[in-house]
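These are the residues of each chain, in order.
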Amino acid sequence: MSDLGAARSACEAGWFEPLRIEPLNSGRINDSYRVIDPQTAREGVLQAINARVFSQAVQLVEQLARVVTHLNAQQPGWVPELLPTRDGNSYVRWDDRIWRLWRFVPGEVLQLDHCPRSLRLARLRAAGQAFARTQVLLESLSGPRLLPAIGHYHDLAYYLERFDVLADRATPQWRARV
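Residues numbered from 1 in each chain as written. Predicted model: local features only at pLDDT ≥ 70, side-chain atom pairs only at ≥ 80, totals over all residues. Heavy atoms only, no water.

**Thoughts on the overall build of the chain**
Put simply, the rule reads: For helices the rule is a DSSP run of H or I covering at least 4 residues; for strands it is a run of E covering at least 2, with both sets numbered from the N terminus onward. In this setup the radius of gyration rests on C-alpha atoms only. A globule is expected at 2.2 Å times the number of residues raised to 0.38. Working definition: with a 1.4 Å probe on protein chains only, accessible area under 20% of the residue-type maximum means buried, over 50% means exposed, and in between means partly exposed. Residue contacts are counted whenever heavy atoms from the two residues lie within 4.5 Å of one another. In this description, accessible areas are obtained by the Shrake-Rupley approach with a 1.4 Å probe, and a residue is regarded as covered only by the protein chains that are shown.
Within the chain, the secondary structure is distributed over five helices and five strands. The N-to-C order of helical and strand elements in the chain reads α-β-β-β-α-β-β-α-α-α. Computed over C-alpha atoms, the radius of gyration of the chain comes to 20 Å, more than 25% over the 16 Å expected from 2.2 N^0.38 for 178 residues, which places it beyond the range of a compact globule. The burial tally for the chain puts 29% of its 178 residues in the buried class. At a minimum sequence separation of 6, the contacts of the chain that also span at least 24 residues come to 52%. About 12300 Å² of surface is accessible on the chain, with carbon and sulfur atoms providing 53% of the total.

This is the structure we're talking about:
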């Protein structure tokens, strides 16, 4: 089955038979498709989670659903809505992959490397402010602690320990270069 065929089948299995489906080629990690619900004419972004990057894809999507729900309860519309499947789940398993569906947000894809410096700085400043606001909104997230989506991600102690092991094995020539 082609990637487009798998995406269509996943969308049908979990949400609806798409009126139209087209690949979105701007993503770097997950396979993403723009879909249209024929009943509501609403657009969505269907994504197949990259299991090579996210080995715990179900955990990732379940935690993401919890975070998105919390953020939008604190400040409606703060982040795109993660759309539940027909049976109320945050994902569907299809073709040995985990799929999720976001509400589509019209606008542009941010390409910082193709804009003037003053605009790039303004966009980076706005992104930093949005990140800070998100952290404030997440302070009140209750429930179990969120688990890392990628093993040892942001785990400085792990990386320092690995560095020490490698440094102990390093040859004098390698150490002289560092």
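**A short note on the confidence of the model for the chain**
Inclusion rule: For every residue, the pLDDT score states the predictor's confidence, bounded by 0 at the bottom and 100 at the top.
Chain-level pLDDT for the chain is 91 on average; 98% of the residues reach the 70-or-more range. Averaged pLDDT values for the elements of the chain fall to 80 in helix H5 (residues 172–177) and rise to 97 in strand E5 (residues 97–103).

**Digging into the packing of aromatic side chains**
Worth spelling out the cut-off: The criterion for an aromatic pair is that two Phe, Tyr or Trp rings (for Trp, the six-membered ring) have centres within 6.5 Å, with stacked assigned to planes under 30 degrees apart, edge-to-face to planes over 60 apart and tilted to the rest. Here, over-ring charges are defined by two tests on the NZ atom of lysine or the CZ atom of arginine: distance to the ring centre within 6 Å, and angle to the ring normal within 35 degrees.
What the rule picks out here adds up to two aromatic pairs. Ring centres of Tyr33 and Trp99 lie 6.2 Å apart, and the angle between their planes is 35°; on these two criteria the pair is classed as tilted. Here Tyr33, found in strand E2 (residues 31–36), pairs with Trp99, found in strand E5; they are 66 residues apart in sequence, far enough to count as distant. With respect to class, Tyr33 is no different from Trp99; both count as buried. With 5.1 Å between their ring centres and 80° between their planes, Tyr158 and Tyr159 make a pair best called edge-to-face. Across the ring face of Phe104, the terminal group of Arg34 is positioned such that the distance to the ring centre comes to 4.0 Å.

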